[in-house]
Amino acid sequence: MTEAILLVGGKGTRLRPLTVHTPKPMVRAAGVPFLTHQLARARAAGVEHIVLATSYLAEVFEPYFGDGSSLGLHIEYVTEDEPLGTGGAIRNVASRLHSGPDDPVLVFNGDILTGLDIRALVRTHETTGADVSLHLTQVTDPRAYGLVPTDETGRVTAFLEKPQTPEEIVTDQINAGAYVFRRSVIDTIPGGRPVSVERETFPDLLSAGAHLQGMVDSTYWLDLGTPAAFVRGSADLVLGRAPSPAVPGRCGDRLVLPTARVAPDAKLAGGTVVGEGAFVAEGARVFGSTILPGAVIEPGAVITDSLIGTRARVGQRSILTGTVIGDGAVVGPDNELREGARVWCDARIPGGAVRFSSDQ
């Protein structure tokens, strides 16, 4: 296997304001754009040629990754004029593939952090003679996902929409967002219009009698679609819970990037990342959080499970828990922001303006 398609065209609306100026795959996780981790893992599995299917803010990818040679890859870029969905995006880049009709082509969704054994998925595809093979993972509560039941040989028997009742939960297996396509199958996807592989391509292939194979791999798996999940994924990369050869440093409780400054008595833990040029002042405490480049955490601030955007500032003694601060925003001193709060890019919150407890 020498080539893959990475689907990186989504707008990342659930991650706003992180994605106002930055496409989701380029938001930094463990010190580098998240896409870097996916590219590095694909290369480690033997992939040499990758086509990036881009759309939203497509212009930022190539200046960063270039031709991919720094990662040992050959990267090409194809931009959709209009969003085409997962299946449409795969079909739209087909002309850039070099594989023969029966060769395997790996396809990744650009927002999944996983420890998937990529080589094992390809082996499963080849040994079973499948038309498409799917990485499946098992989840405790599958109600938020489409279900993918399989028979005793692993062959997919159905694609079921999100279950609404307990009786509809016939399996805990879900589509984990990584596939191997027989090259010729990609050419059967309709071109020039939006297509969903989950809702159209896969069910239609199944109805036509195609062989769709599932491989259950329940190693680390996380959909980075929400701010809370993204922060957790970054921390897990730093802590070593999620595997990646692209983490720029040793795994541990903290990752402080070059040119970042951290006061000697500041406390960093839980997989916290401090980006280039950022500053964490004296007495600040940061746990399980991502501080993006150029951000400032002032004295005595307490940041937990949060993401602080590029060049943002958190004032003295402010307490942030489960919060996202957009690029360039300023949170004045003595504020309290709790789970789910999102401060938009360049917003200004005056000192003591938001609190959940007394100001005394």
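Predicted model, so just to flag it, every value in this text is computed and none were measured. (Residues numbered from 1 in each chain as written. Predicted model: local features only at pLDDT ≥ 70, side-chain atom pairs only at ≥ 80, totals over all residues. Heavy atoms only, no water.)

Moving on, we come to the side chain of Glu336. Examined against the element boundaries, Glu336 turns out to sit in strand E26 (residues 336-337). Among the polar contacts listed, one links the side chain of Glu336 to the backbone nitrogen of Phe356, at a separation of 3.1 Å. Engagement of the side chain of Glu336 in a polar contact is seen with the side chain of Ser357, the distance being 2.4 Å. In contact with Glu336, not counting residues within four places along its chain, are Ile319, Val354, Arg355, Phe356 and Ser357. (Helix = DSSP H or I, 4+ residues; strand = E, 2+ residues; numbered from the N terminus. Polar contact = N/O pair within 3.5 Å; in protein donor to acceptor, adjacent residues only side chain to side chain. Contact = heavy atoms within 4.5 Å.)

One broad rule of soluble globular proteins: the nonpolar side chains tend to lie buried together. One finds Ile5, Ile90, Val132, Leu134, Phe181, Phe202 and Leu212 to be the most contacted residues of the largest nonpolar core, which totals 29 residues. At the level of secondary structure, the elements contributing two or more residues to this core comprise strand E1 (3-7), strand E4 (49-54), helix H3 (85-92), strand E6 (104-109), strand E8 (132-138), strand E9 (173-182), helix H5 (183-186) and helix H6 (197-207). In this structure Ile5 touches Val51, Ile90, Val93, Leu97, Val105, Leu106, Val107, Phe108 and Ile186, once residues within four positions along its chain are discounted. (Core = buried A, V, L, I, M, F, W, Y, C linked by side-chain atoms within 4.5 Å. Buried < 20%, exposed > 50% of the residue type's maximum accessible area, 1.4 Å probe, protein only.)

Quick look at helix H4 (residues 118-128) now. Within the span of H4, buried status applies to Ile118, Ala120, Leu121, Val122, Thr124 and His125. Its side-chain oxygen 3.3 Å from the backbone nitrogen of Arg119, Asp117 forms the N-cap of H4. After H4 finishes, the residue Gly129 shows a positive phi value of roughly 70 degrees.

Extensive coverage of E1 is indicated by the burial of five of its five residues. Going residue by residue along E1, you find Glu3, Ile5 and Leu7 tucked away on one face and Ala4 and Leu6 tucked away on the opposite face as well. Strand direction decides the pairing type here: E1 and E4, joined by five bridges, are parallel. Bridging across to E4, Leu7 finds its partner in Ala53. Both E1 and E6 contribute to a ladder of four bridges, which runs parallel. Within E6, the residue paired with Leu7 across the bridge is Asn109. (Pairing = 2+ DSSP bridges.)

With that settled, consider the domain arrangement of the chain. Once the domains are mapped, the chain shows domain 1 (2-223) and domain 2 (253-349). Inter-centroid distance (C-alpha atoms) of domain 1 to domain 2 is 33 Å. Tallying the contact residues gives 10 residues for domain 1 and 15 residues for domain 2. The contact between domain 1 and domain 2 buries some 1000 Å² in all, and 66% of this surface belongs to carbon and sulfur atoms. It is Pro17, Leu18 and Arg28 that lose the most area in domain 1 upon contact with domain 2, and together they represent 51% of the buried surface on that side. Seen at the junction of domain 1 and domain 2, the total is one salt bridge. Run the count over domain 1 and domain 2 and you get two residue pairs in polar contact (both at pLDDT 80 or more). Considering only residue class, the side of domain 1 that touches domain 2 consists of five nonpolar, two polar and three charged. (Domains from an automatic or database assignment. Buried area = accessible area lost by both parts, 1.4 Å probe. Salt bridge = Lys/Arg side-chain N within 4 Å of Asp/Glu carboxyl O. Nonpolar A, V, L, I, M, F, W, Y, C, P; charged D, E, K, R; others polar.)

Counted by the stated rule, this structure contains seven aromatic pairs. Measuring from ring centre to ring centre gives 6.4 Å for Phe34 and Phe230, while their planes differ by 65 degrees; the resulting arrangement is edge-to-face. Here Phe230 lies in helix H7 (residues 227-239) and Phe34 lies in helix H1 (residues 34-44), a separation of 196 residues in the sequence. For the cation-ring pair, Arg261 lies above Phe279, with the distance from its terminal atom to the ring centre recorded as 4.4 Å. (Phe/Tyr/Trp six-rings, centres within 6.5 Å; stacked < 30°, edge-to-face > 60°. Lys NZ or Arg CZ within 6 Å of the ring centre and 35° of its normal.)

Looking now at the pattern of salt bridges. Per the stated rule, a full pass over the model turns up 13 salt bridges. Across the salt bridge formed by Lys24 and Asp111, the nearest N and O atoms sit 3.1 Å from each other. In this pair, Lys24 is assigned in the loop between E1 and strand E2 (28-29) and Asp111 in the loop between E6 and strand E7 (112-114), connecting sequence segments 87 residues apart. Taking the shortest distance from any N to any O, the salt bridge between Glu276 and Arg28 comes out at 3.7 Å. Pair noted here: Glu276 is in the loop between strand E15 (272-274) and strand E16 (279-280) and Arg28 is in strand E2, with a separation of 248 residues, a long-range link. You can call Arg28 partly exposed: its relative accessible area is 25%. Among the charged side chains, a network of salt bridges with common partners joins Asp102, Asp131 and Arg182.

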